[in-house]
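Spelled out, the chains give:
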Amino acid sequence: VGAADRKSAAEAASTPTKSEDKEEKNKEAAVRLWYREETRRTFPYEVGERVEACYRGEWYPGDLLHLADKDPHNRFVVLCDEDKDKKSKPTTKVKLIRREKLLPGEGEKIISWKPVNDMQLRVQLGDPNFSLVSNRVCKLMLETKKTDGTWVREIKVRDWRDFEVNDEIDCLDTENHWLAAQVLQVNNNRIYVTYIGYERDWNEWIDTNSERLAKAGTHCERKEFSRRMDYDDGDWRGGGGGYSGGGVRGSVGLRNLGNTCFMNSTLQCMNATPVLADFFVDGDYTSEINPDAYKSHGRIAREFGKLLKEMWDRRPHTVTPSRFKSAIGDYSDRFSGYQQQDSQELLAALLEGLHEDLNRVRKKPYDPNPVIGNGEDDEEKAELSWSKHRKREDSVIIDNIYGQIRSQVICPACNRASVKFDPCGILQLPFPNVDTKVQVVTLVRANPELPRRAYAVAVPKNGSVIDLHQELAKMAAGVNAKKLVSCEIYQSKVYKIFSPRHQLESIMANDKIYAFECPDLKEGKDRDNVIIAVNHKVSGGSSYYDQDFGTPFLLTLPLERRSSGASSASYDDDDEYISAEKAQRIIREKAMMHVENTNTAATSSSSEAAAPSRFKVMFKQGYDDFKEYKNGEKIQFGRSFEAALFWEKKDYYQPAGIKKDKSLQSSGGGSGGEVVTLEGCLRGFTKEELLSAGNEYKCDHCGHEGRGKKKLDLWRLPNILIIQLKRFQYTRHYRSKIETYVEYPLEGLDMSPWTRCEAQKKDSTYDLFAVSCHGGGLGGGHYWAYAKNLIDKKWYTLNDSSVSRMSPEKVRTSDAYLLFYVKRGATQKK
């Protein structure tokens, strides 16, 4: 830099007067800055096209089933070719896909020079994330005027309504809000726009001359989102994600620090909580912090307040909650590492820490006398119990989130009631009938005159096939449960024959289960009969891989043994056999019972259609092909033995019809039983139950110790009602997650039927404002949140650093884990 330039720089650094400042603004700069933009030509994916999915660094070809905008985690759903032949046809969810064959022009590099305007210089130059970066190199060009005062390069100025793809505009949405938008497609006199920071479901076509369109920045403030291109020369193909931040204040992303999605989900729900958000963002908490608080000494409240204030910054941006993560980890060792945890457990620790830090009671009085009533003076006992509790625990958390639970136990000896009133912050609701499931079973009777019938059988989840047979025998008249044999049929073939001790938890709800009545089956371990499966095939091949069709069936064959003097218990499988002639005769007779005697499409004679001459009985041993045994030959049975009917034509086979039992209608088609509602969960929470063995109650009145009857009810309703749906079950033998969908209201939740206090029923209507969701299994899964913004009252999906607007209809989901409700009339300043 020359001396003259240094002098000019020094003069520019001095404070100008108003006239100098005005003259300087009108003076045109002598240089202009340009940047080189490098992009790749891309085309949107369409459902059904052939793609390759990137899974753990490997590419797998398949069919695209769903786009990323249909998944809460912005993942594409692909059915890979190698999974198409599997039984359950598992799909693959990935964030990165590519086409098997590129479209014409796809992937071509597009290079252009664009001028840097004043706004980009002010906002972006210090953080160049706006297409200036290509392989971490900013390629800039400095242009100076020619000697005649003209510029070397010409800037083409086009009308703002001369739309091109990627143009940014202001757009009036269907709810009369001006929002920042971007043009995705241009089609003659229409453009397809997306609202920046919102879900793709809000995208729409608008006429180019519509008054709903305006030049960028004329109706709403532009928000500079970080939208760095993920394309580079190595791999430029990939899926898109959501934006960090949101359309309004308060709806911002939280960076995942490593398996901290459970924490982010909880924090997003707390950030949307009325009253509490005001309390922390406005700084009211600072005057109530207790520096001598147990464990954290006020650190939890301070870090939580700072975090919420940053989340409510006027310029939406992604927030990194590392300081809060450190504070909650020091408060509770469970959250000190980076393993996946439970969002409800973090919420409980957070509420406890905030209460301790903000407790207005510095010295808690000691009171060893609990308040216990007999059910006759509930109002007096409840008020006394609450008063004693508030003398020790008094904070903004208790004021708004805590209520009271009425707990009653009745002595089985003297029938006297013992009633206590306990504080409650999170209402934990069980699922009704979670220990049972509905299994659809088709029963095939031994009597051919009795039709096949499908039943919806309610069985214990941890039960066995014996339980299934016993319940089925209760529903079907004249059936002996000990004479039933069940199997799973998959792709017209017996996939597995279940033993009586087989566990029902391994049988899926959509598995095709058949139960066959076998009158010759003996009780206990039957060594005189063998159970075999008979499949249906088409003549013309005898290979194991011949295509099966129809519905196979089970039957029993009597065994013969080589030596009659030995005990039947001492024989090996190799000593058991049956003559081929006898086996073929029995199978032919049973086959006639499992097909209809009418088939007009195949032949004019109905009896001729199902005649044994239309099929052959063939057997298979080991790896040999199927063959038809001759008279005099003997058949040995082993695990590799199979039997099949080879039909001359498929038309000759006409399966017997199946009738539906009325139990299928009452169970909703057998797909899981009744629809579970939040009301049903509340009913299960408040129902009277017998105390379990080992948890006996000792009566204070008569001294008897036994299994009393316990009942819970709500008494005092809080301003903020937090409900946990107890989806996770942990027992001594297994762990499981309940995936059942629960129907819960978004507005107008009436809690009056569930509280025993008449005074509380007058003000007991709640509206939903946040949901903490969990998707996946017990091994980890993923947490995210749905929350209603306190400013614009719109719903947003808050998935770590990704934020997008959503429709209220999608708030109801089977992934809901924690529900946050606010009582109508509670103070909402924001």
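Please read all numbers here as calculations on a predicted model, not as lab measurements.

Peer 1: Explain the sheet that holds strand β16 (residues 403-410) to me, please; I cannot follow it from the model alone.
Peer 2: Adjacent strands of a sheet form backbone hydrogen bonds with each other and so pair up, either parallel or antiparallel. Strand order in this open sheet of four strands is β17-β16-β36-β33, and the pairing throughout is antiparallel. Where the open sheet ends on each side, the last strands, each with one partner, are β17 (417-424) and β33 (689-690). Two strands pair when backbone bridges link them, and β16 and β17 are joined in this way by eight bridges, in the antiparallel orientation. Directly across from Val 409, in β17, lies its bridge partner Ser 418. Packed onto the sheet, helix α9 (residues 378-392) meets β16, β17 and β36 (709-716) and runs at close to 40 degrees relative to β17. Relative to β36, helix α15 (residues 678-686) is tilted by about 125 degrees, and along the sheet it contacts β16 and β36.

Peer 1: Can you help me understand the environment of Lys 388 in this one?
Peer 2: For Lys 388, the location among the structural elements is in helix α9. You can call Lys 388 partly exposed: its relative accessible area is 25%. As a C-alpha pair, Lys 388 and Pro 365 span 23 residues in sequence and 9.2 Å in three-dimensional space. When sequence neighbours within four positions are dropped, the list of residues in contact with Lys 388 reads Asp 367, Asn 369 and Val 371.

Peer 1: Can you walk me through the packing of aromatic side chains in this structure?
Peer 2: Aromatic rings in a pair are described by how distant their centres are and how their planes are angled relative to each other. Under the definition given, this model contains 17 aromatic pairs. With centroids separated by 4.9 Å and ring planes inclined at 90 degrees, the aromatic side chains of Phe 280 and Phe 304 adopt a geometry described as edge-to-face. One end of the pair, Phe 280, is in helix α5 (residues 276-281); the other, Phe 304, is in helix α6 (residues 299-311), with 24 residues separating them in the sequence. Assigned by exposure class, Phe 280 and Phe 304 land together as buried. Ring plane angle 20 degrees and centroid distance 6.0 Å describe the contact between Tyr 514 and Phe 516, whose orientation is recorded as stacked.

Peer 1: When you look at the pairing of strand β13 (residues 190-195) in this model, what are you seeing that I'm missing?
Peer 2: Consecutive side chains of a regular strand alternate in pointing toward one face of the sheet and then the other. Within β13, five of the six residues are buried, which leaves the element mostly enclosed by the surrounding structure. One ladder, built from six bridges, connects strand β12 (residues 178-187) with β13; its direction is antiparallel. Within β13, the position partnered with Val 186 by the bridge is Ile 191. Between β12 and β13, which pair antiparallel one after the other, the connecting turn spans two residues, and Asn 188 there sits at a positive phi close to 55 degrees. Here β13 pairs with strand β14 (residues 204-207) via four bridges, running antiparallel. Residue pairing in the sheet places Arg 190 in a bridge with Asp 207 of β14.

Peer 1: Looking at this structure, I do not really get α6. What am I missing?
Peer 2: One turn of an α-helix holds 3.6 residues; hence residues three or four places apart share an orientation. Across its 13 residues, α6 extends 18 Å between first and last C-alpha, which sits within 8% of the 18 Å expected from 1.5 Å per residue. On its buried face, α6 sits against α4 (261-271), α5, α7 (322-331) and α8 (343-358).

Peer 1: Explanation requested: the packing of α4 against α6 in the structure shown.
Peer 2: Helix-helix packing is characterised by the crossing angle of the two axes and by the distance between the axes. Two numbers describe how α4 lies on α6: the axes approach to 11 Å, and their chain directions differ by 75 degrees. As far as their axial angle goes, α6 and α4 are roughly perpendicular. Listed contacts from α6 to Leu 267, Gln 268, Met 270 and Asn 271 of α4 are Phe 304, Leu 307, Leu 308 and Met 311. Across the contact of α4 with α6, the residue classes break down as six nonpolar, two polar and no charged.

What counts and how
- Residues numbered from 1 in each chain as written.
- Predicted model: local features only at pLDDT ≥ 70, side-chain atom pairs only at ≥ 80, totals over all residues.
- Heavy atoms only, no water.
- Pairing = 2+ DSSP bridges.
- Helix = DSSP H or I, 4+ residues; strand = E, 2+ residues; numbered from the N terminus.
- Contact = heavy atoms within 4.5 Å.
- Axes fitted to C-alpha atoms, helices over the stretch in contact; angles between N-to-C directions.
- Buried < 20%, exposed > 50% of the residue type's maximum accessible area, 1.4 Å probe, protein only.
- Phe/Tyr/Trp six-rings, centres within 6.5 Å; stacked < 30°, edge-to-face > 60°.
- Expected span 1.5 Å × (residues − 1).
- Parallel < 35°, antiparallel > 145°, perpendicular 65-115°, else oblique.
- Nonpolar A, V, L, I, M, F, W, Y, C, P; charged D, E, K, R; others polar.

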